[in-house]
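The primary structure of each chain is shown beneath.
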Amino acid sequence: MMADKDFEAGLGGLDEGPAASATDPETPFGEAGDAADHPTVAALHERFGAAILHHGVVAGDEHVVHIQPERNAEILRWLKEDPGQRYLYLSDVTAVDFGGGRPLEVVYQLWSMELKRQIRLKAQLPLAALEIDSAVPIWQAANWLEREVFDLFGITFRGHPDLRRIMMPDNYAEGHPLRKDFPLRGRFSRAEQTRRALSMEVEDYYTPEELGIAGDKHRHGQEAGA
Amino acid sequence: MGLERGSALPVAPTGAPSFITSKLDFLVNWARRNSMWPMPFGTACCAIEMMASAATKYDIARFGMERMSFSPRQADVLICAGRVPYKMASPLRRIWDQMPQPKWCISMGACASSGGVFDAYSMVQGIDTIIPVDVYVPGCPPRPEGLIYGLLMLQEKIKGESLSNAAIREEDPLRVGRPNLPPETIEELALPFGNSTLQNRTSGLVSTSLVARPDDRKE
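If you're wondering where the values come from, they're calculated on a predicted model, not measured in any experiment.

**Q** Could you give an account of the domain arrangement of chain B, naming the residues involved and the relevant values?
**A** Residues and elements named next belong to chain B. The assigned domain composition of chain B is domain 1 (16–180) and domain 2 (181–219). The partner domain 2 presents 7 residues to the 10 residues of domain 1 that form the contact. Per-class residue counts for the side of domain 1 that touches domain 2 are 2 nonpolar, 7 polar and 1 charged.

Listed below in structure tokens is the structure:
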């Protein structure tokens, strides 16, 4: 009957969500890299000093820089606008949850096409304060990417012009699915999930502006001003 | 002509179809089963095979599926090809409700039929929780031959329908936009292997008893 026990354990595991990733307390960010390998990393150290917490190299030649979350907007803007960096292309904003109460990591993947360089920035946010400055004023591309992170991880981006769910329905009430404590099959029963899914209208997915059914007075900016 | 309403036809008081009704059934079923226009609801890789079925090599037009009907108003058979997330459940149900009777539904592939490998928070565990399904086509994805076999099976099913049985074409307006199954059944389907076991049981083709399939069930 060993197989039955494994089956039971597997079913229980599905409801508990994945286990936390292991970490070495000696080197929480991984091994340190050589800043001389990447001109941007050296420049970051020189200009921002204490805001640069760690630098590492993964997968051979991918440079990862851990920064203080409080200064992310300042650092990102400098990386884009400094003539020596010119990271004009924000290729991705995402997040990582390692589970076990560890902080969530916001990840920025930048690409400088002019100087043919890539760099990855990471900022750790404690679970109690999941807030970081938005990158939308710097790159428009961050708009939907940050909405996705907000939707799936529950991280709030300060200063985002339109921070709402993008993948899950607007009235989704089960939480943020990519968090480690989220059960694989969701928090509600299948019957309740089906009932809710069918009771939704297009207005639950799109704003009146997107549907093209709103008059001028319903637009976001004027509503706030009136 | 009143052909669509069973009550308008000469039916013997006992309820048994008369000679004429049976001939009408034959005519109507012949017309219906040989001119089924599919409503393609393709959401994933199964849709690629569905397109291949409609293209020259397999060409389901040979069997009466003359053209894909991209408006549900002119469609007869909804082919749900691919996985359906909960966000698509409402559009799927709405499309089904927009199709006029007579209408049928084919659930193509493992994901549409039972959720497939996607036993996750976002995925509908079988579209029969949303809309009634006539034919399930297994496979991941099924080959075009599989879909065509399913369509031919549906034609066989239509052969057995009768106008005197108006109940099979009746729709309760209160059920529009509601789940197709009661909550308890949906819960049962959501168990591991739940939906495939239930489909096997209702088909009567495969034994689902504990003795026959001990590994499938969690008791």
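**Q** I'd like a rundown of the interface of chain B and chain A, residues and numbers included.
**A** Counting residues at the interface gives 20 residues for chain B and 17 residues for chain A. In terms of residue count, the dominant contributor to the side of chain B that touches chain A is helix α3 (residues 86–98) of chain B (5 residues). Taken together, the residues that form the side of chain B that touches chain A break down as 10 nonpolar, 4 polar and 6 charged.

**Q** I'd love a proper account of helix α5 (residues 190–199) of chain A, names of residues and values included.
**A** Buried residues of α5(A): R190(A), A191(A), Q193(A), T194(A), A197(A) and L198(A), and no others. Down the axis of α5(A), the smallest arc covering the buried residues is 165°, so these residues share one side. At its buried positions, α5(A) is contacted by α3 and α6 (183–189) of chain B.

**Q** Please set out the sheet that holds strand β5 (residues 117–125) of chain A residue by residue, giving values where relevant.
**A** All names here are of chain A. Read from one edge of the open sheet, 5 strands run β1-β2-β5-β4-β3, paired in mixed fashion. Because the sheet does not close on itself, it has two edges, and the strands there are β1 (52–58) and β3 (89–96). Geometrically, the sheet is characterised by an average inter-axis angle of 20° between neighbouring strands, direction not taken into account. Strand direction decides the pairing type here: strand β2 (residues 62–67) and β5, joined by 4 bridges, are parallel. By the bridge assignment, V64 is partnered in β5 with R120. Of the strands in this sheet, β3 and β4 (104–112) touch helix α4 (residues 142–153), which is tilted by about 5° from β3.

**Q** Can you tell me about the sheet that holds strand β1 (residues 38–42) of chain B, naming the residues and giving the values?
**A** Residue and element names in this part refer to chain B. Sheet architecture is open: 4 strands sit in the order β1-β2-β3-β4, paired in parallel fashion. Unpaired on one side and paired on the other, β1 and β4 (135–137) mark the two borders of the sheet. When strand polarity is set aside, the average angle formed by the axes of neighbouring strands in this sheet is 20°. Against the sheet, helix α2 (residues 45–54) touches β1, β2 (77–81) and β3 (104–108), its axis set at about 145° to β1.

**Q** Could you give an account of unusual backbone geometry, naming the residues involved and the relevant values?
**A** All names here are of chain B. In this structure, P102 follows Q101 across a cis peptide bond, with omega equal to -5°. Counting through the fold element by element, P102 comes out in the loop between α3 and β3. Residue C140 is joined to P141 through a cis peptide bond whose omega torsion reads -10°. Here P141 shows up in the loop between β4 and α5 (144–159).

**Q** Kindly report on the environment of G126(B), identifying the contributing residues and their values.
**A** All names here are of chain B. With respect to the element layout, G126 can be found in the loop between α4 (109–114) and β4. Residue G126 is classed as buried on the basis of its C-beta count, with 29 C-beta atoms lying within 10 Å. Between the C-alpha atoms of G126 and S113, which are 13 residues apart in sequence, the distance is 4.5 Å.

**Q** Outline the nonpolar core, supporting the account with residue identities and numerical values.
**A** Core analysis: the biggest nonpolar cluster contains 42 residues, and V77(B), L78(B), I79(B), C80(B), L92(B) and M108(B) have the highest contact counts within it. Excluding anything up to four places from it in sequence, C80(B) contacts F41(B), L92(B), C105(B), S107(B), M108(B), A112(B) and I127(B). Membership of the second largest hydrophobic core comes to 33 residues, among which are I52(A), Y108(A), V149(A) and F153(A).

**Q** Break down the packing of α2(B) against α5(B) for me, citing the residues and quoting the values.
**A** All names here are of chain B. Contact geometry of α2 with α5 gives a least axis separation of 8 Å together with a crossing angle of 75°. Taken together, the axes of α2 and α5 are roughly perpendicular relative to one another. Of the residues in α5, those in contact with E49, M50, A52 and S53 of α2 are P144, L147 and I148. Residues of the contact of α2 with α5, tallied by class, amount to 5 nonpolar, 1 polar and 1 charged.

**Q** Could you give an account of α3(B), with specific residues and numbers?
**A** The end-to-end C-alpha distance of α3(B), which contains 13 residues, comes to 19 Å, matching closely the 18 Å that a straight helix rising 1.5 Å per residue would cover. Looking only at α3(B), the buried set comprises Y86(B), M88(B), A89(B), S90(B), L92(B), R93(B) and W96(B). Of the surrounding elements, those touching the buried residues of α3(B) are α5 of chain A together with β1 and β2 of chain B.

**Q** Break down the pairing of β3(B) for me, with residues and values.
**A** All names here are of chain B. A large share of β3 lies buried, amounting to 5 of its 5 residues. Residues W104, I106 and M108 of β3 are buried on one face, and the alternating residues C105 and S107, pointing to the opposite face, are buried as well. Where β2 and β3 come together, 5 bridges link them in parallel fashion. The residue bridging A81 from the neighbouring strand is M108, located in β3. Two elements, β3 and β4, share 3 bridges in a ladder whose sense is parallel. Each bridged residue has a counterpart across the sheet, and for I106 the counterpart in β4 is V135. After leaving β3, the chain enters α4 and then returns to the sheet as β4, a path that is right-handed.

Calculation rules
Residues numbered from 1 in each chain as written. Chains lettered and ligands numbered in written order. Predicted model: local features only at pLDDT ≥ 70, side-chain atom pairs only at ≥ 80, totals over all residues. Domains from an automatic or database assignment. Contact = placed C-beta atoms within 7 Å. Nonpolar A, V, L, I, M, F, W, Y, C, P; charged D, E, K, R; others polar. Helix = DSSP H or I, 4+ residues; strand = E, 2+ residues; numbered from the N terminus. Buried ≥ 20, exposed ≤ 12 C-beta atoms within 10 Å, placed from the backbone. Arc of directions from axis to C-beta. Pairing = 2+ DSSP bridges. Axes fitted to C-alpha atoms, helices over the stretch in contact; angles between N-to-C directions. Core = buried A, V, L, I, M, F, W, Y, C linked by C-beta atoms within 7 Å. Parallel < 35°, antiparallel > 145°, perpendicular 65-115°, else oblique. Expected span 1.5 Å × (residues − 1). Right-handed = clockwise from strand over helix to strand, strands pointing away.

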